[in-house]
Amino acid sequence: MQLLSNARIAGIDGKSGQYGLSSPQVIAIDGGRIAWVGEESAIPAAYLRAARHDLGGRAVTPGLIDCHTHVVFGGDRAREFEMRLEGASYQQIAKAGGGILSTVRATRDTDEADLLASALRRVDALLAEGVTTIEVKSGYGLDIDTELKMLRVARLIESRRAVSVRTTWLAAHALPPEYADDRAGYLRDVVIAGMDRGHAEDLIDAVDGFCEGIAFTPAEMAQVFDHAAGLGLPVKLHAEQLSDLGGAAMAARHGALSADHLEYLDADGIAAMARAGTVAVMLPGAFYTLRESQLPPVQALRDAGVPMALATDCNPGTSPLTSLLLTMNMGATLFRMTPSECLAGVTVHAARALGLADRGLITPGQRADLAVWNIDHLAELSYRIGFNPLHARIVGGEFV
């Protein structure tokens, strides 16, 4: 049991988009959860003898949540970065055997220890900016053994660092060369069969896929989602990034936690997401890296009341980004999200995109995952570029 005193607490209203800092208050933590929040003069008697930490009037937000990452992978794709700058498109690179498939080769050839070591370097950059929960996808193995290897490494991150990890089965990320002429076989033999194995080994928290012209169709992903439902696994989808295939609407009909990217999302997709409560995950790092010009329909999502999250999409090819603070700035400057929407997008809405109801707000009953900041106004978290005002990170009530 402990008290965090002299804390200016971030109030975040995910529905109205309003936010603000309180006058100095006290947070009581018991058993790794927030037990009480209020004025110094009103501290319940049960907490009067608890250990006290004076935060000096600093701002306190929920711990940040990166709800879409691919931090476990082998190799890098710096040369493809050059190719894009020399004029090659994402589709051209993929069709030439680059893109995802170049990372697949490297990931298959890298053992768990080396995958973990490289992933931890990326994770450490995120944690240094106040992140307390991350999602980690597979998707760079495209065979069962490598996909499961990636998820085992993702689980190990949680044992090596003070962070919560949610794992996502993304075998439906691309077709590997050995199944180039057998799409149905790949879905049957790898995506679905591997899902069964991963679920049996308790390695999968959710199921994802890449619904795009260079990847899988909505009908193919519906087949995958139907199987996930039979296992009791929630689903999410990379959708409408490069074209409008109606993937987001299909995902919403399957009760998806989120649909991510969404640059080409249409009105029907927005309406379907609003009805289902599916979160729109904005990924400005990929938009920036690929030098895209088609903006996601942020205003239409806002008007429809679709909750919007933000994430790094940290990956080796299209978003080599390990800063959630920079992601917030990109969400504001590139997508015209407001600073309050950006903060909600990496806290309460990011938690919802992962199906987590126990974090993302500073209220009794929530996990005591917090970030303490040297800032005067919450807008600074989105406004500044290349500046990290983190004072302390608290995970499960413990300073780390």
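Rules used throughout
Residues numbered from 1 in each chain as written. Predicted model: local features only at pLDDT ≥ 70, side-chain atom pairs only at ≥ 80, totals over all residues. Heavy atoms only, no water. Helix = DSSP H or I, 4+ residues; strand = E, 2+ residues; numbered from the N terminus. Expected span 1.5 Å × (residues − 1). Buried < 20%, exposed > 50% of the residue type's maximum accessible area, 1.4 Å probe, protein only. Contact = heavy atoms within 4.5 Å. UniProt positions renumbered as here; feature names shortened; annotations may be inferred. Polar contact = N/O pair within 3.5 Å; in protein donor to acceptor, adjacent residues only side chain to side chain. pLDDT = per-residue confidence, 0-100. Phe/Tyr/Trp six-rings, centres within 6.5 Å; stacked < 30°, edge-to-face > 60°. Lys NZ or Arg CZ within 6 Å of the ring centre and 35° of its normal. Axes fitted to C-alpha atoms, helices over the stretch in contact; angles between N-to-C directions. Parallel < 35°, antiparallel > 145°, perpendicular 65-115°, else oblique. Left-handed = near helix turned anticlockwise from the far one by under 90°. Salt bridge = Lys/Arg side-chain N within 4 Å of Asp/Glu carboxyl O. Pairing = 2+ DSSP bridges.

Describing helix H5 (residues 144-160)
So, step 1. Given a rise of 1.5 Å per residue, 17 residues ought to cover 24 Å, and the 25 Å separating the end C-alpha atoms of H5 matches this to within 8%.
So, step 2. Residues Ile 144, Thr 146, Glu 147, Leu 148, Lys 149, Met 150, Leu 151, Val 153, Ala 154 and Ile 157 constitute the buried set of H5.
So, step 3. Each element contacted by the buried residues of H5 is listed here: helix H3 (100-108), helix H4 (112-127), strand S8 (131-137), strand S9 (164-172) and helix H6 (183-200).

Some thoughts on unusual backbone geometry
So, step 1. Backbone geometry at Leu 142 places phi at a positive 55°, although glycine is not the residue there.
So, step 2. Among the secondary structure elements, Leu 142 is positioned in the loop between S8 and H5.
So, step 3. Positive phi values are uncommon outside glycine, yet Asp 313 reaches one of about 60°.
So, step 4. By secondary structure assignment, the location of Asp 313 is in the loop between strand S14 (308-310) and helix H12 (324-333).
So, step 5. Among the residues examined, Asp 313 registers a relative accessible area of 2% and is labelled buried.

Concerning the UniProt feature "binding site: Zn(2+)" (unreviewed entry) in the chain
So, step 1. According to UniProt, the positions carrying the feature "binding site: Zn(2+)" (unreviewed entry) are His 68, His 70, His 238 and Asp 313. A maximum C-alpha distance of 12.5 Å is found for the annotated residues, which run over 246 residues; spatially they form one tight group.
So, step 2. Take His 70: it is sitting in the loop between strand S7 (64-66) and helix H1 (78-85).
So, step 3. Note on His 70: relative accessible area 2%, which makes it buried.
So, step 4. Apart from the residues within four sequence positions on either side, His 70 is in contact with Lys 137, Ser 138, Tyr 140, Leu 170, His 173, His 238, Asp 313, Cys 314 and Asn 315.
So, step 5. A polar atom in the side chain of His 70 sits 3.2 Å from the side chain of Asp 313.
So, step 6. Residues within four places of Asp 313 in sequence aside, it is in contact with His 68, Thr 69, His 70, His 261, Leu 283, Ala 286, Thr 318 and Ser 319.

A few points about the confidence of the model for the chain
So, step 1. Counting all residues, the mean pLDDT for the chain is 96, and 99% of those residues have values of 70 or more.
So, step 2. Helix H2 (residues 90-95) is the least confidently modelled element of the chain, averaging 75 in pLDDT, while S7 averages 99, the highest of any element.

Description of the packing of aromatic side chains
So, step 1. Taken as a whole and judged by the stated rule, the model has four aromatic pairs.
So, step 2. Ring centres of Phe 73 and Tyr 140 lie 6.3 Å apart, and the angle between their planes is 80°; on these two criteria the pair is classed as edge-to-face. Of this pair, Phe 73 sits in the loop between S7 and H1 while Tyr 140 is found in the loop between S8 and H5, placing the two residues 67 residues apart along the sequence.
So, step 3. By relative accessible area, which is 6% here, Phe 73 ends up buried.
So, step 4. On the basis of relative accessible area, Tyr 140 is assigned to the buried category, the value being 2%.
So, step 5. Stacked on the ring of Phe 73, the Lys or Arg Arg 122 has its end atom at 3.7 Å from the ring centre.
So, step 6. Against the face of Phe 387 rests Arg 384, its NZ or CZ located 4.4 Å from the ring centre.

Let's talk about the packing of H5 against H6
So, step 1. One can describe the packing of H5 onto H6 by two numbers: an axis separation of 9 Å at closest approach and a directional angle of 45°. Accordingly, the angle class assigned to the pair H5 and H6 is oblique. For the crossing formed where H5 meets H6, the hand is right-handed. Judged by residue contacts, Ile 144, Asp 145 and Leu 148 of H5 engage Asp 189, Val 190, Ala 193, Gly 194, Arg 197 and Gly 198 from H6.

So, the pattern of salt bridges
So, step 1. Going through the model one piece at a time under the given rule, you end up with 21 salt bridges.
So, step 2. In this structure, the salt-bridge partner of Arg 152 is Glu 201, at a minimum N-O distance of 3.0 Å. With a gap of 49 residues between them, Arg 152 in helix H5 and Glu 201 in the loop between H6 and strand S10 (206-211) connect regions that are remote in the sequence.
So, step 3. By relative accessible area, Glu 201 is classed as partly exposed at 36%.
So, step 4. Ionic pairing is found between Asp 369 and Arg 367, a salt bridge with its closest N-O pair at 2.8 Å.
So, step 5. The class of Asp 369 is buried, set by a relative accessible area of 5%.
So, step 6. Each of the salt bridges in this network shares a partner with another, and the network as a whole consists of Glu 135, Lys 137, Asp 208 and Lys 236.

What about the sheet that holds S9?
So, step 1. As summarised here, the arrangement of the eight strands in space is S7-S8-S9-S10-S11-S12-S13-S14, forming an open sheet in which the pairing is parallel. If you trace the sheet from one side to the other, it starts and ends with S7 and S14, each paired once. When the angles between neighbouring strand axes are averaged without regard to direction, this sheet yields 25°.
So, step 2. Here strand S12 (residues 258-261) runs beside strand S13 (residues 279-282); their pairing, made up of three bridges, is parallel. By the bridge assignment, Asp 260 is partnered in S13 with Val 281.
So, step 3. Against the sheet, H5 contacts S8 and S9, and its axis sits at roughly 170° relative to S9.

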